[in-house]
Every structure is written in C-alpha cells, then in structure tokens.
Amino acid sequence: MTLTCQGPYGAEGDPGDCADPARFEVARHGLAPLRVCPVHLGPSLLLAAGVLWPPEVSLIG
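Here goes a summary of the coordinates provided. Just so it is clear, the model here is predicted, and its values are computed rather than measured. (Residues numbered from 1 in each chain as written. Predicted model: local features only at pLDDT ≥ 70, side-chain atom pairs only at ≥ 80, totals over all residues. Heavy atoms only, no water.)

Considerations on the overall build of the protein
We apply this condition: Starting at the N terminus, helices and strands are each numbered in turn, a helix being any DSSP run of H or I of at least four residues and a strand any DSSP run of E of at least two. Only protein chains enter the calculation, and the probe is 1.4 Å; a residue is then buried if its accessible area is under 20% of its type maximum, exposed if over 50%, and partly exposed in between. Note on contacts: a residue pair is in contact if any heavy atoms of the two residues lie within 4.5 Å.
In terms of regular secondary structure, the protein is built from one helix and three strands. In the protein, the order of α-helices and β-strands from amino to carboxyl end is β-β-α-β. For the protein, the proportion of its 61 residues judged to be buried stands at 28%. Considering only residue pairs separated by 6 or more positions, the protein has 40% of its internal contacts joining residues 24 or more positions apart.

Right under this line is the structure:
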C-alpha cells in the first residue's frame, strides 16, 4: 500500500493537494504523524501544526 503525501499542512482528514507517494513521516505533538513527499518535507516542518522541534523525521519509503 502506497501512502500519498499529506503536505504541506497536514490537516486532520485532509489528504493534501499532492498525489505523490509519501517518503517521510514527521512526528507531531498530539496529532498523527504527517506523511510527506520530498518536495513537501521542508514546508511541512515550517507550516504544519504540532511539529516537534527539533523535528523527528523518519524515512518510510
């Protein structure tokens, strides 16, 4: 199963505007991890809600 990108904002229940496969998972406080493609990794660290600082990023694909 290929997960699609939720970036860059990662709103709950919103799949995002990007149809690319997710390659990274960004840990967030009190929210589900955010799965993003390489293009949206940087913007998600700056714009998504609840991102931990320093960021915790895992490679998933």
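Structural notes on the nonpolar core
Nonpolar side chains tend to gather and get buried jointly when the protein is soluble and globular. The cut-off we apply is this: Here, nonpolar core refers to any group of buried Ala, Val, Leu, Ile, Met, Phe, Trp, Tyr and Cys residues whose side-chain atoms link them within 4.5 Å.
Formed by Cys5, Cys18, Phe24, Val26, Leu34, Val36, Cys37, Leu41, Ala48 and Val51, the largest nonpolar core amounts to 10 residues. Elements with a contribution of two residues or more to this core: β1 (24-26) and β2 (34-36). Excluding residues within four positions of it along the chain, Val51 makes contact with Val26, Ala27, Arg28, Ser44 and Leu45.

Re the pattern of salt bridges
The following threshold applies: The term salt bridge refers to a pairing of a side-chain nitrogen on Lys or Arg with a carboxyl oxygen on Asp or Glu at a separation within 4 Å.
Counted according to the given criterion, the structure contains one salt bridge. For Glu25, the salt bridge is made with Arg35, and the minimal N-O distance between the two is 3.4 Å. Remark: Arg35 occurs in strand β2 and Glu25 occurs in strand β1; sequence separation between them is 10 residues. A residue is classified by how much of its surface remains accessible, and Glu25, at 22% relative accessible area, is partly exposed. Since its relative accessible area comes to 26%, Arg35 is described here as partly exposed.

Looking at helix α1 (residues 38-47)
What counts here: This arc describes the spread of directions from the helix axis toward the C-beta atoms.
For α1, the complete set of buried residues consists of His40, Leu41 and Ser44. Burial along α1 is one-sided: seen end-on, the buried residues are contained in an arc of 125 degrees. In α1, the exposed residues that point more than 90 degrees away from the buried face are Val39 and Leu46.

Quick notes on the side chain of His40
Relative to the assigned elements, His40 resides in helix α1. Setting aside residues up to four positions removed in sequence, His40 forms contacts with Cys5, Gly7, Pro8 and Cys18.

Considerations on the sheet that holds β2
How we decide: Only when DSSP finds a minimum of two bridges between them are two strands counted as paired. The convention used is that axes are lines fitted to C-alpha atoms, helices contributing only their stretch in contact, and that angles between N-to-C directions extend from 0 to 180 degrees.
Pairing is antiparallel in the open sheet, where three strands are placed in the order β2-β1-β3. Of all the strands in the sheet, just β2 and β3 (57-59) have a single pairing partner and so form its edges. When strand polarity is set aside, the average angle formed by the axes of neighbouring strands in this sheet is 25 degrees. Where β1 and β2 come together, three bridges link them in antiparallel fashion. Paired with Glu25 across the two strands is Arg35, which belongs to β2.

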